[in-house]
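Structure at a glance
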Amino acid sequence: MRSRNVLCAILSSCLAGTAVACGGTEGAGGKPSGKQTLSLGVQLETLAEGECNAFIADAVNIDGSVKLVYELSADGGGFETIKTTTERTVVYRFDTAGEYTVRVKTQDGKLVSDVCAFSVAEFGGDTFGRSPLGEMPTNNVRLDGDRGDSAFIEHKAVNTISDEYAFVKGFQADRFYFTADVDIVGTNSGDRNPKTGLFCKSGSTVYYFAFDIKPSLTGDELVFVKYTPTQNWGWPGKVMHKQVRFRDGETRLKNNMSMLRDRDKFYLFINGTCIGKAVVDGYTDLSTVGTYTMAQNTIYSDYNCYSADSEEFTAMLQVGQAAFD
């Protein structure tokens with residue numbers, strides 16, 4: 001996934017001759033001599049939330065000291081000024097999906113370009129993307145497979161030890177059931193304690209449910225652990241044991257892991273079996289939800305996040321309560 005800030009830098013430095021032209025208007029002439037025309041082009045006709053578009057004005061026979069007014073309209077609404085400047089190229093970041101039109105005019109209003117239309121698509125895939133708080137997946141998470149019946153996401157293989165996150169798009173709650181199949185491909189950068197799992201996050205506090213296994217993919221430990229910036233990791237957390245297999249010879253094996261939050265209670269599942277319950281006293285905040293890895297290349301598939309009014313939440317809550325309440 002390309003960084004949105006990197007895209008803005010690319011656009012601002014690589015614009016010549018690549019804009020889609022939209023036409024413009026002519027003036028009666030003046031200084032400098034010759035017919036004055038003002039037209040506009042856009043760098044991208046489609047982009048995603050969090051990315052930038054560039055607007056390139058072609059101001060023929062208009063003195064460089066003349067200020068231009070760039071105006072933007074969203075979803076058929078009125079035009080609003082986004083910048084008044086002598087610059088002939090403006091780069092603008094879009095954080096909201098929609099259909100947009102843009103135009104440019106001279107500050108005195110005598111010359112107005114035709115409008116250019118472009119679309120901003122919602123960031124992410126069918127399930128993962130931007131959280132309600134604006135949180136975005138980390139750079140080493142791949143979302144391009146998050147479409148259709150065979151959707152998947154990948155926390156990629158990279159030559160670094162890093163924590164990687166993907167957020168369920170638009171979801172925040174204090175009661176939910178989140179489930180996913182995990183396929184651990186390998187360990188990144190030789191880390192001796194890699195992890196793959198799920199998380200929920202409220203503010204800067206994160207609760208993780210993760211396989212805590214060695215690079216050899218041996219061991220049976222799973223952990224439920226809290227992280228805060230001030231207290232750091234609350235190791236050892238709650239340690240659970242469930243023997244699972246990640247390989248059959250050279251063949252990788254998937255395992256299902258699920259986290260059910262019922263306000264201050266968490267029920268934790270591996271391959272459909274509730275293996276543990278954790279109570280977080282006083283935890284009432286809404287949380288965002290997603291996938292998490294530490295130094296591990298993992299593919300997630302067959303995932304769903306169910307709200308508290310779903311049959312799936314109710315059924316799995318009953319399974320957890322029968323096992324531990």
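The structure displayed is predicted, hence computed values, not measured ones.

Side note on the overall build of the chain
Counting its secondary structure elements, the chain contains two helices and 26 strands. Its C-alpha atoms give the chain a radius of gyration of 26 Å, more than 25% over the compact-globule value 20 Å for 325 residues. Judged by the C-alpha coordinates and their principal axes, the chain covers about 85 × 40 × 40 Å. Taken over 325 residues, the chain has a buried fraction of 47%. Sequence-distant contacts, at least 24 apart, represent 63% of the contacts inside the chain between residues at least 6 apart. Carbon and sulfur atoms form 46% of the exposed surface of the chain, whose accessible area is close to 15000 Å². The chain carries 32 positive and 41 negative side-chain charges, and their two centres are separated by 4 Å.

Details of the sheet that holds strand β5 (residues 68–74)
Two pairing modes exist for strands in a sheet, parallel and antiparallel, and in both the strands are linked by backbone hydrogen bonds. Read across the open sheet, the five strands follow the order β3-β9-β8-β5-β6; overall the sheet is mixed. The open sheet has two edge strands with one neighbour each: β3 (46–48) and β6 (80–85). Going from strand to strand, the sheet's axes swing by 25° on average, the running direction of each strand aside.

Some words on the nonpolar core
Counting residues in hydrophobic clusters, the biggest one holds 40 residues, and the most contacted among them are Phe209, Phe211, Phe224, Met259 and Phe266. The element that contributes the greatest number of residues to this core is strand β14 (residues 175–187), accounting for five residues. Aside from chain neighbours lying at most four places away, what touches Phe266 is Cys200, Phe224, Met259, Leu260, Arg261, Gly276, Lys277, Ala278, Val280 and Tyr283. Judged by nonpolar contacts, the second largest core, of 21 residues, contains Ala57, Ala59, Leu68 and Phe118.

Focus: the packing of aromatic side chains
The description of two aromatic rings rests on the distance between their centres and on the angle between their planes. This model, assessed by the stated rule, comprises 26 aromatic pairs. On the basis of an interplanar angle of 90° and a centroid distance of 6.2 Å, the ring pair of Phe171 and Phe176 is categorised as edge-to-face. No difference in accessibility class separates Phe171 from Phe176, as the two residues are buried. Between Tyr207 and Phe266, the aromatic rings sit 5.8 Å apart at their centres with planes inclined by 35°, giving tilted as the arrangement. Remark: Phe266 occurs in strand β23 (residues 265–270) and Tyr207 occurs in strand β16 (residues 205–212); sequence separation between them is 59 residues. Pair check on accessibility: Tyr207 and Phe266 agree, each one buried. Between Arg103 and the ring centre of Phe79, over which it is positioned, the NZ or CZ distance is 4.0 Å. Sitting over the ring of Tyr283, Arg261 keeps its end group 3.8 Å from the ring centre.

Quick word on the side chain of Ser131
In this fold, Ser131 is placed in the loop between β10 (128–129) and β11 (141–142). Dropping the residues within four chain positions of it, Ser131 is found in contact with Phe167, Val168, Gly170 and Thr288.

What to know about the confidence of the model for the chain
A low pLDDT means the predicted coordinates there should not be read in detail. Averaged over all residues, the pLDDT of the chain equals 91, while 91% of them reach at least 70. Note that pLDDT drops below 50 for residues 1–7; the model gives that stretch 18 contacts with residues more than four away or on any other chain.

Regarding the sheet that holds β23
Taking strand neighbours across the sheet as the criterion, the seven strands line up as β11-β12-β26-β14-β22-β23-β24 in an open arrangement whose pairing is antiparallel. Of all strands in the sheet, those bounded by a partner on one side alone are β11 and β24 (273–279). In the sheet, β14 pairs with strand β22 (residues 255–262) via eight bridges, with the strands oriented antiparallel. Counted as the bridge partner of Ala180 is Met257 from β22.

Some words on the environment of Arg263
Structurally, Arg263 is set in the loop between β22 and β23. Along the sequence, Arg263 and Thr160 sit 103 residues apart, while their C-alpha atoms lie 35 Å from each other. Beyond its immediate sequence surroundings of up to four residues, Arg263 is in contact with Asp174, Arg175 and Tyr283.

How each quantity is defined
- Residues numbered from 1 in each chain as written.
- Predicted model: local features only at pLDDT ≥ 70, side-chain atom pairs only at ≥ 80, totals over all residues.
- Heavy atoms only, no water.
- Helix = DSSP H or I, 4+ residues; strand = E, 2+ residues; numbered from the N terminus.
- Rg over C-alpha atoms; globule rule 2.2 N^0.38 Å.
- Buried < 20%, exposed > 50% of the residue type's maximum accessible area, 1.4 Å probe, protein only.
- Contact = heavy atoms within 4.5 Å.
- Areas by Shrake-Rupley, 256 points an atom, 1.4 Å probe, with all protein chains shown as cover.
- Lys, Arg positive; Asp, Glu negative; His and termini not counted.
- Charge placed at Lys NZ, Arg CZ, Asp CG, Glu CD.
- Pairing = 2+ DSSP bridges.
- Axes fitted to C-alpha atoms, helices over the stretch in contact; angles between N-to-C directions.
- Core = buried A, V, L, I, M, F, W, Y, C linked by side-chain atoms within 4.5 Å.
- Phe/Tyr/Trp six-rings, centres within 6.5 Å; stacked < 30°, edge-to-face > 60°.
- Lys NZ or Arg CZ within 6 Å of the ring centre and 35° of its normal.
- pLDDT = per-residue confidence, 0-100.

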